[in-house]
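Listed below are the residues making up each chain.
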Amino acid sequence: MRRLKRLIGEERGSASLEFIGAGMLLLVPLVYLIIALAQIQSHSFGVDAAARYATRVLAQSPDAVDLVASNVAVIAQQYGLSPEALQVAISCIEPGPCPAPGGLVTVTVTAHSPLPLMPDFLTVDGGASVTVSASSTHRVSDYEVSP
């Protein structure tokens, strides 16, 4: 019994072990949080850039409505987003043909940013993803610009 009390009361060498154990418990979630936030921010930048570029293309050349989805997909891929995860919506404020010269055109791009290190079956329908979206509005040129 005395030996057990002496072993319990002795704390020599346990500080480094406690530091490593507590450090790992705190460090691993912190590193994961930093990685997840960096990926979500990157995807947010990609969605924003895609929306701005698509709106500028439509403002300069209203006939390019068919090319918007492919242009958005190319830009989003540069930021690590898959083209299948993108939704592109084009809307105009003025009634009539969209986009009409002199009118305002709005492009909204929405994507699901999956959390890192999550299995595929959890990311899309399981809720282990963050939805990021961006909208951009631009006035359509009265004069069509040829590329």
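Use the structure listed above.
Quantities reported herein were computed from a predicted structural model and do not represent experimental measurements.

Trainee: Go over the overall build of the chain, please, and point to the residues and values.
Mentor: Within the chain, the regular secondary structure consists of 4 helices and 3 strands. Helices and strands appear in the chain in the N-to-C order α-α-α-β-β-α-β. Taken over 147 residues, the chain has a buried fraction of 29%. Considering only residue pairs separated by 6 or more positions, the chain has 62% of its internal contacts joining residues 24 or more positions apart. Carbon together with sulfur atoms contributes 63% to the accessible area of the chain, which is approximately 10000 Å² in total.

Trainee: Would you mind going over the nonpolar core in detail, with residue names and values included?
Mentor: Within the largest apolar cluster, 20 residues are counted, with the highest numbers of intra-cluster contacts made by Val47, Val72, Leu81, Leu86, Val109 and Ala111. Broken down by secondary-structure element, the contributors of at least two residues to this core are α2 (14–60), α3 (68–78), β2 (104–114) and β3 (129–139). A total of 7 residues in this core trace back to one element, the largest contributor, which is α2. Each residue touching Leu81, except ones within four places of it in the same chain, is listed here: His43, Val47, Ala76, Leu86, Ala111 and His112.

Trainee: Describe the sheet that holds strand β1 (residues 86–92), listing the residues and the values that go with them.
Mentor: Reading across the sheet, the 3 strands line up as β1-β2-β3 and stay open at both edges, with antiparallel pairing between neighbours. The two strands at the open ends of the sheet, each matched to only one other strand, are β1 and β3. Strand after strand, the sheet turns through a mean of 15° between neighbouring axes, direction not considered. One ladder, built from 7 bridges, connects β1 with β2; its direction is antiparallel. Following the sheet pairing, Ala89 is matched in β2 by Thr108. Those strands touched by α3 are β1 and β2, and its axis lies near 135° from that of β1.

Trainee: Account for the pattern of salt bridges, naming residues and giving values.
Mentor: Summed over the entire model, instances satisfying the criterion amount to 1 salt bridge. Of the charged contacts, one joins Arg52 and Asp48 as a salt bridge, the two residues approaching to 3.3 Å between their closest N and O atoms. Linking Arg52 with Asp48, this pair stays in helix α2, spanning 4 residues, or about one helical turn. For Arg52, a relative accessible area of 35% gives the class partly exposed.

Trainee: Describe in detail the side chain of His43, supporting the description with residues and values.
Mentor: With respect to the helices, strands and loops of the structure, His43 is situated in helix α2. Among the residues examined, His43 registers a relative accessible area of 4% and is labelled buried. Within the structure, His43 has its side chain in polar contact with the side chain of Ser113 (distance 2.6 Å). The residues touching His43, leaving out its near neighbours within four places in the chain, are Tyr79, Gly80, Leu81, Ser113, Pro114 and Val132.

Trainee: Account for α3, naming residues and giving values.
Mentor: Within α3, burial applies to Val68, Val72, Ala73, Ile75 and Ala76. In the segment just after α3, Gly80 is the residue with positive phi, at about 90°.

Trainee: Please set out unusual backbone geometry residue by residue, giving values where relevant.
Mentor: Although it is not a glycine, Leu117 sits at a positive phi angle of roughly 65°. Tracing the backbone through its elements, the reader meets Leu117 in the loop between β2 and α4 (120–123). Taking relative accessible area as the criterion, Leu117 reaches 80% and is therefore assigned exposed.

The rules behind each value
- Residues numbered from 1 in each chain as written.
- Predicted model: local features only at pLDDT ≥ 70, side-chain atom pairs only at ≥ 80, totals over all residues.
- Heavy atoms only, no water.
- Helix = DSSP H or I, 4+ residues; strand = E, 2+ residues; numbered from the N terminus.
- Buried < 20%, exposed > 50% of the residue type's maximum accessible area, 1.4 Å probe, protein only.
- Contact = heavy atoms within 4.5 Å.
- Areas by Shrake-Rupley, 256 points an atom, 1.4 Å probe, with all protein chains shown as cover.
- Core = buried A, V, L, I, M, F, W, Y, C linked by side-chain atoms within 4.5 Å.
- Pairing = 2+ DSSP bridges.
- Axes fitted to C-alpha atoms, helices over the stretch in contact; angles between N-to-C directions.
- Salt bridge = Lys/Arg side-chain N within 4 Å of Asp/Glu carboxyl O.
- Polar contact = N/O pair within 3.5 Å; in protein donor to acceptor, adjacent residues only side chain to side chain.

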